[in-house]
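Breakdown of the fold
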Amino acid sequence: MRKFLLSCYCCCLVLLSFGQRDFYQKGNYAFTQQDTLRGMLSPVRSCYDVTFYQLDITIDVENKSLDGFVDIQFTAVEDFERLQVDLYENMNLSKITFEGKRLDFERLGNAVFVDFPKQQKGAQGTFRIYYNGQPTVARNAPWDGGFVWSKDSDGAPWIGVACEGDGASLWWPNKDHLSDEPDSMAINVAVPRGLTCVANGNLRGVSEKGGYDRFEWFVSYPINNYNVTVNIANYAHWTETYTAFDGSTMPMDYYVLQANEEKAKEHFKQTVGVLECYEYVFDKYPFWNDGFAMVETPYLGMEHQGAIAYGNKYKRGYLGGMIPKNMDWDYIIVHETGHEYFGNSISCNDLSEMWIHESFTTYMEALYVECQYDFDEAKNYLRSQRYMIANREPILGPKEVNWENWKSSDHYYKGAWVLHTLRGAIGDDELFFEIMKGFYRENAISNVNTEDFITYVNAKTGKDFQPFFEQYLWYPSIPIFEYDIEEAEDGVKIHYRWNADVSTFDMPFALGAEEDMQRIHPKVGEWQVIELAVDSEELAVANDEFLVRLKRVKQP
């Protein structure tokens, strides 16, 4: 268990100024009309709930285009005569029909406003959108959205799509907001004969359509729109079986390029251990009836539900790096499988709360290390990521705008450390894991927000962790543990306090001899003192269990 010696700590820190809770209103952040149209649940979006999508398209590989339609089944949440769907303006929307009649619509950038005969609250129906065009080409997938039109080593087409953040509406029309997931979805894709199309869910059939093969996939669970995917290649395919702790079984399907089949079969053996770890910590794989699949893609990876995109080139870590040298596991397998729990099963309602997807999943990497090795190695892994924490802006972004222009990856690495710090603050591993497992199980296959998690933590601990989350999520800076050391007759006196944005911030901390830490309860702005029977050269703090800054300050 590695601690940090106070006597060795350099106090010459470059600290960012503390921010405000309304950080994005006071900062230099400009939001466009299109950001609002995509990000806000306006009345023309909240008036209806999507219950089912049927995507039916033909992909022209040579022309990098697609053509088809989407059926959108809905329930009216309020009376309406107009609703909004979304489709990037570079895609052609040819017509929209409802109950055998053509509907009028108008476009405003990527938003499409459709006029209906009056729909009463509770009414159900299906409208069809016909469209075609050349979808956005990704310049650097998966960090920017779009299609990747590539070729394998034999010159055969190798195609994928990734659209997190940019939105699924860059390639198919839908209600492109995280809060509204369909209950199920059909994905029918025709591709040139000889190629295989892998999408989400279960393959129900393949039929001929001219010079094309039409693959019919069905997702039986709710799904994020950005998780809907197509992968097209000359794939090799094999199936294994995963057995859960309760004895039930699930197919594990793998689709890889023909040339990589043998090494893939060896490399993917680690996947069972990943699923076992996450089943132990949270629950068994959430999309059990649809099965688990890993699909080789021409880009690094993405958490596409039930069809995880894999492009880590069969290397350890992240393309061969980013994990300690004594470890041997594939980052994409571990991280993207984690997203099946947080991101896909539990989803946020707004892009501003993507920490629910990314922070939890990043911490799941450390939990996997703890499963495979031990807690000390998990902390070692977390320390290897700590240098990537920037503290430039809050983990929570601005709400109701389609915005993901983060200046850093704090909603990954800092957020993971926030959960690790919560574990340290609770100080009871059994309770912490009860919280993690309980929150997951009670909210599986649903959308949640940050306050849901805070409320759950408070209820389970019997304490108010609101100021804790307020500081770590709503402000860019982390709390500073300010201290001064005074020699005493039998050791040292430590004067200490918190310096934080949130005046009610209340988090315990630990310090003392490395093998005998004492838990203390600093207050914001209020000096306290503790006398310890330890030599000043041996004085240490639990810096590997709490995300804080240390600063020696001469107390008055």
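Heads up: the structure comes first, above all this text.
Residues numbered from 1 in each chain as written. Predicted model: local features only at pLDDT ≥ 70, side-chain atom pairs only at ≥ 80, totals over all residues. Heavy atoms only, no water.

Summed over all chains, the structure comprises 1 disulfide. Disulfide partner of Cys 277: Cys 371, at an S-S distance of 2.3 Å. Torsion about the S-S bond of the Cys 277 and Cys 371 cystine: about 70°, corresponding to right-handed handedness. Pair noted here: Cys 277 is in helix H5 (residues 271-281) and Cys 371 is in helix H7 (residues 355-372), with a separation of 94 residues, a long-range link. Cys 277 sits in the buried class, given a relative accessible area of 3%. Residue Cys 371 is classed as partly exposed on the basis of its relative accessible area, which comes to 34%. Of all cysteine sulfurs in the structure, the one in Cys 163 sits closest to Cys 197, which takes part in no disulfide; the separation is 14 Å. (Disulfide = S-S within 2.5 Å. Helix = DSSP H or I, 4+ residues; strand = E, 2+ residues; numbered from the N terminus. Buried < 20%, exposed > 50% of the residue type's maximum accessible area, 1.4 Å probe, protein only.)

With that settled, consider the layout of surface pockets. Its boundaries defined by the atoms lining it, the largest pocket holds a volume of some 960 Å³. Lining the largest pocket are 34 residues; nearest its centre among them are Pro 142, Trp 143, Glu 164, Glu 404 and Tyr 412. In terms of residue count, the dominant contributor to the lining of the largest pocket is helix H6 (residues 331-339) (5 residues). Partitioned by chemical class, the residues of the lining of the largest pocket number 15 nonpolar, 11 polar and 8 charged. (1 Å grid on protein atoms, 1.4 Å probe; cavity = no way out; pocket = protein on both sides within 12 Å on 5 of 7 lines; lining within 4 Å. Points joined across faces, edges and corners; volume = space filled by probe spheres on them. Nonpolar A, V, L, I, M, F, W, Y, C, P; charged D, E, K, R; others polar.)

A word on the sheet that holds strand E6 (residues 101-102). Here we have 8 strands laid out as an open sheet, ordered E6-E5-E9-E3-E2-E12-E15-E14, and mixed in their pairing. One side of each edge strand has no neighbouring strand; the edge strands of this open sheet are E6 and strand E14 (202-209). Bridging between strand E3 (residues 65-76) and strand E9 (residues 124-133) involves 10 bridges; their strand directions are antiparallel. Bridge assignment links Val 70 to a residue of E9, and that residue is Ile 129. (Pairing = 2+ DSSP bridges.)

In the sheet, E14 pairs with strand E15 (residues 212-219) via 7 bridges, with the strands oriented antiparallel. Bridge pairing in E15 links Val 206 to Phe 215. What sits between E14 and E15 in their antiparallel hairpin is a turn of 2 residues, with Gly 210 showing a positive phi close to 65°.

Quick look at empty space enclosed by the protein now. Rolled over the atoms, a probe sized like a water molecule indicates the empty space that remains. Enumeration according to the criterion identifies 2 cavities of 30 Å³ or more in this entry. The wall of the largest cavity is formed by 21 residues, among which Arg 38, Asp 176, His 177, Leu 178 and Leu 351 lie closest to the centre. Of the residues assigned to the lining of the largest cavity, the class counts are 7 nonpolar, 8 polar and 6 charged. Forming the boundary of the second largest cavity are Asn 200, Gly 201, Val 219, Ile 223, Phe 287, Asp 290, Gly 291, Gln 305 and Gly 306. Grouping the amino acids of the lining of the second largest cavity by side-chain chemistry returns 3 nonpolar, 5 polar and 1 charged.

With that settled, consider the nonpolar core. Residues Trp 171 and Phe 453 are the most contacted members of the largest nonpolar core, which totals 168 residues. At 9 residues, H7 tops the list of elements feeding residues into this core. Those residues in contact with Phe 453 that sit more than four places away from it in its chain are Trp 355, Phe 360, Leu 419, Leu 422, Ile 435, Met 436, Phe 439 and Phe 469. Counting 7 residues, the second-largest nonpolar core is a separate cluster that includes Ala 141, Val 148, Tyr 299 and Met 302. (Core = buried A, V, L, I, M, F, W, Y, C linked by side-chain atoms within 4.5 Å. Contact = heavy atoms within 4.5 Å.)

So, on to helix H12 (residues 466-474). With respect to burial, H12 is a largely interior element, 8 of its 9 residues being buried. Within the sequence span of H12, burial applies to Pro 467, Phe 468, Phe 469, Glu 470, Gln 471, Tyr 472, Leu 473 and Trp 474. Tucked into the core, H12 has its buried residues touching H7, helix H9 (413-426) and helix H11 (450-461).

A few words now on the side chain of Arg 45. Its location among the elements puts Arg 45 in helix H3 (residues 43-46). At 3.0 Å, the side chain of Arg 45 and the backbone oxygen of Met 40 are in polar contact. Engagement of the side chain of Arg 45 in a polar contact is seen with the backbone oxygen of Asp 176, the distance being 3.2 Å. With residues near it in sequence (within four places) discarded, Arg 45 still touches Leu 37, Arg 38, Gly 39, Met 40, Gln 84, Asp 86, Lys 175, Asp 176 and His 177. (Polar contact = N/O pair within 3.5 Å; in protein donor to acceptor, adjacent residues only side chain to side chain.)

As a further point, take the environment of Met 327. Along the chain, the position of Met 327 falls in the loop between strand E21 (308-310) and H6. Assessed through its relative accessible area of 1%, Met 327 is described here as buried. Separated by 45 residues in the primary sequence, Met 327 and Gln 372 place their C-alpha atoms 9.5 Å from one another. Leaving out residues up to four positions away in the same chain, Met 327 has contacts with Arg 316, Val 369, Tyr 373, Glu 377 and Tyr 381.

Any two aromatic rings considered together are summarised by their centre-to-centre distance and by the angle between their planes. Enumeration over the complete set of coordinates arrives at 58 aromatic pairs. Consider the rings of Trp 329 and Tyr 368, whose centres lie 5.7 Å apart with planes at 75°: the pair is edge-to-face. Within this pair, whereas Trp 329 is found in the loop between E21 and H6, its partner Tyr 368 is found in helix H7, the two being separated by 39 residues in sequence. The class for Trp 329 is buried, based on a relative accessible area of 1%. The positively charged end of Lys 265 is found above the aromatic ring belonging to Trp 238, 5.5 Å away from the centroid. (Phe/Tyr/Trp six-rings, centres within 6.5 Å; stacked < 30°, edge-to-face > 60°. Lys NZ or Arg CZ within 6 Å of the ring centre and 35° of its normal.)

It is worth stressing that arrangement in space is one thing and function is another; only the former is reported here.
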